[in-house]
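Close look at the chain arrangement
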Amino acid sequence: MLMSIRLLRWGLYALCALAPATYVLASEGLLSKPRTTARFAPTPGGFGAGYFPNVPLRTHEGREVRLYDDLLKDKAVVINFMYARCEGICPGTTANLRRVQRELGDAVGRDVFMYSFTLKPEEDTPEALRAYAEAHGVGPGWLFLTGSPADLALVRRKFGFVDPDPDVDADSSSHIGVVLYGNVAHEQWAGCPCLSNPRVMLEQILWMLPEEKRPFIGVEPHAPAEISQIPPIQP
């Protein structure tokens, strides 16, 4: 999420009206250039255990987990970065994702997993994240995660939420919101602005899942229509 507006503004808003826009995973994480293909070319070794660091993290429930082994391996995931005391886009992002979670129902925690990583691990303890999750009515299958500052910085970089300006990158209050969707086993990744229509997010999340695992919720997992033509999800 730590990306300057000047770096991504040209691409983010266009993603809402494109087919699921995949990003290329490179050595520094997800690049900002959108593509309209459903897959990207893997780097040597792929984007599995050799790419994602298996760092220890702690959930808002107080459990210790490993990034790759417990959260990513063979899973379809929805990922964003946030912090509990954010007064900017974080509450709106959480509200959007909560609406998506309600539409997905029991599929969350079974067929698709939702993860929110803190940008401020120094202050976002498991207790603080649990209070945040409870305040927003978050249901099962969605984890809020904290850990050591060094480990969270590495996780953020691997997912590509990085600004080339080190001063901007170091300022966790200077961020632009992107929600990532990934099917780790198939090495597919897509992204969308966090404040876009939740119906767009829903379509793209379903695109990641095998047809037999798509819940029956009346949404087709194909390229979104124009934003004005997409019916809103009721709050």
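Look up: the structure comes first, before these words.
Here's what I pulled together on the structure shown here.

What counts and how
- Residues numbered from 1 in each chain as written.
- Predicted model: local features only at pLDDT ≥ 70, side-chain atom pairs only at ≥ 80, totals over all residues.
- Heavy atoms only, no water.
- Core = buried A, V, L, I, M, F, W, Y, C linked by side-chain atoms within 4.5 Å.
- Buried < 20%, exposed > 50% of the residue type's maximum accessible area, 1.4 Å probe, protein only.
- Helix = DSSP H or I, 4+ residues; strand = E, 2+ residues; numbered from the N terminus.
- Contact = heavy atoms within 4.5 Å.
- Salt bridge = Lys/Arg side-chain N within 4 Å of Asp/Glu carboxyl O.
- Pairing = 2+ DSSP bridges.
- Axes fitted to C-alpha atoms, helices over the stretch in contact; angles between N-to-C directions.

Our next topic: the nonpolar core. Of all hydrophobic cores here, the largest spans 59 residues; its most connected members are Leu 71, Leu 72, Ile 79, Tyr 115, Phe 117 and Phe 159. Sort the elements by how many residues they give to this core and helix α7 (residues 198-208) lands first, with 7 residues. Discounting residues that sit within four places of it in the chain, Leu 71 has contacts with Leu 57, Val 65, Arg 66, Val 77, Tyr 115, Phe 117, Leu 143 and Leu 145.

A full pass over the atoms with the stated rule returns 3 salt bridges. In this structure, the salt-bridge partner of Glu 64 is Arg 58, at a minimum N-O distance of 3.4 Å. Relative accessible area serves as the criterion here: at 51%, Glu 64 is assigned to the exposed category. The partner of Asp 111 in a salt bridge is Arg 110, with the nearest N and O atoms 3.0 Å apart.

In this section: the sheet that holds strand β8 (residues 178-183). On the basis of which strands lie adjacent, the open sheet formed by 7 strands has the order β4-β3-β7-β6-β5-β8-β9 and mixed pairing. Looking at strand neighbours, the two that pair on one side only are β4 (64-66) and β9 (188-193), the edges of this open sheet. On average, each strand axis in the sheet is inclined to that of its neighbour by 30°, with strand direction left out of account. Of the pairings in the sheet, the one linking strand β5 (residues 76-82) to β8 comprises 4 bridges and is antiparallel in character. Across the sheet, Val 77 pairs through a bridge with Gly 182, a residue of β8. The strands touched by helix α5 (residues 149-158) within the sheet are β3 (56-59), β5, β6 (113-118) and β7 (142-146), with β6 carrying the most contacts at an inclination of about 125°. Together, β5, β8 and β9 form the strand contacts of α7, whose direction differs from that of β9 by roughly 180°.

That's the geometry; what it means functionally is another story.
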